[in-house]
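A structural walkthrough
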Amino acid sequence: MGYIYCPSLMCADFAHLKRELNALQEAGADIVHVDMMDGQYVENFGMGMQDLAVVCREASIPIEVHLMILRPEYHIFKFLELEIDTIYFHPDAVRHPAHLIDTIHNAGKMAGIVLNPETSIGTVVELLYIVDYVMVMMVNPGFSGNAYLPYIEEKVRGLCGLKKQYRFEIEIDGGVDEDIIRRLGDYGADRFVLGTTALFRRKKSYKEVFEELDGINNGQRIEG
């Protein structure tokens, strides 16, 4: 099995969103990654609901949404109505995280939790029984290009040791490049969000980048 690659639309050219989405899909992206931010949980603002609706209408591959918002349970049904496959949220932004996970599952979607750099595994271990994915932020969330925090790799290693027991997959977000994919992939990480470092703002085409990424895992990848 190979790694799952999830380009982050926050790093794409917003002036040509449909064109960017089509180019990423044709190049070999597995999943579309969309960041939703409210200016409160993080200081930045992300894509709007109208932008997300366009992505849902145009995408031919699965869509995952990362909710960097306070009290996502108040707004969750707006997202559940859309053609989204996986919804990630930050447990510290929710009053009752387990209930929100159940709500997402009851709508027929996959649920993931997000661990910020300062969030320890011990604070969410009970949720590992019921989540499908755990996203580990390797940067402070909210802005593209934030500094990679290498000490978080020990958290990734710890989570990888729990995957078999709790049956979840691990997604890495923030500062991802080829070396990080190799290293954290060897630990046991499954999925990687691709941003400016690995994919966007490079002189190579999206197709060329994905061909290089395929080589990291001997050309074997799971189709989304």
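Look above for the structure.
Starting afresh in each chain, residues are numbered from 1 along the sequence in its written order. Only residues with pLDDT of 70 or above have their local features reported here, since the model is predicted, and side-chain atom pairs are shown and tallied only from 80 upward, although totals for entire chains, interfaces and linings are computed over all residues. Excluded from the side-chain calculation are hydrogens and water; included are all heavy atoms of the structure.

1. Points about the overall build of the protein chain
Worth spelling out the cut-off: Secondary structure elements follow DSSP: runs of H or I of four or more residues count as helices, runs of E of two or more count as strands, with numbering from the N terminus. Every residue pair with non-hydrogen atoms within 4.5 Å of one another is taken to be in contact.
Helix and strand counts for the protein chain stand at eight helices and eight strands. A principal-axis box enclosing the C-alpha atoms of the protein chain has dimensions of 45 × 40 × 30 Å. Residue pairs in contact within the protein chain that sit at least 24 positions apart in sequence constitute 62% of those at least 6 positions apart.

2. Overview of the packing of aromatic side chains
Cut-off, in case you're wondering: The rule is short: rings of Phe, Tyr and Trp, with Trp giving its six-membered ring, pair when the centres are within 6.5 Å, and they are stacked under 30 degrees, edge-to-face over 60, tilted in between. Each residue's exposure class comes from its accessible area (1.4 Å probe, protein chains only) as a fraction of the maximum for that residue type: buried when under 20%, exposed when over 50%, partly exposed otherwise.
What the rule picks out here adds up to four aromatic pairs. Aromatic pair Y3 and F192: ring centres 5.5 Å apart, planes at 80 degrees, arrangement edge-to-face. Highlighted residues: Y3 in the segment before β1 (4–7) and F192 in strand β8 (residues 191–194), separated in sequence by 189 residues. Each member of the pair, Y3 as well as F192, carries the same accessibility label: buried.

3. Some remarks on the pattern of salt bridges
Put simply, the rule reads: The rule for a salt bridge is simple: a side-chain nitrogen of Lys or Arg has to be within 4 Å of a carboxyl oxygen of Asp or Glu.
If you walk through the whole model with that rule in mind, you get twelve salt bridges. One salt bridge connects E64 with R191, and the closest N-O pair in it is separated by 3.1 Å. Within this pair, whereas E64 is found in strand β3 (residues 63–68), its partner R191 is found in strand β8, the two being separated by 127 residues in sequence. Relative accessible area serves as the criterion here: at 5%, R191 is assigned to the buried category. Among the ionic pairs, E169 bridges to R191, the shortest N-O distance being 3.9 Å. Of this pair, E169 sits in strand β7 (residues 169–173) while R191 sits in strand β8, placing them 22 residues apart in sequence. Among the charged side chains, a network of salt bridges with common partners joins E64, E169, E171 and R191.

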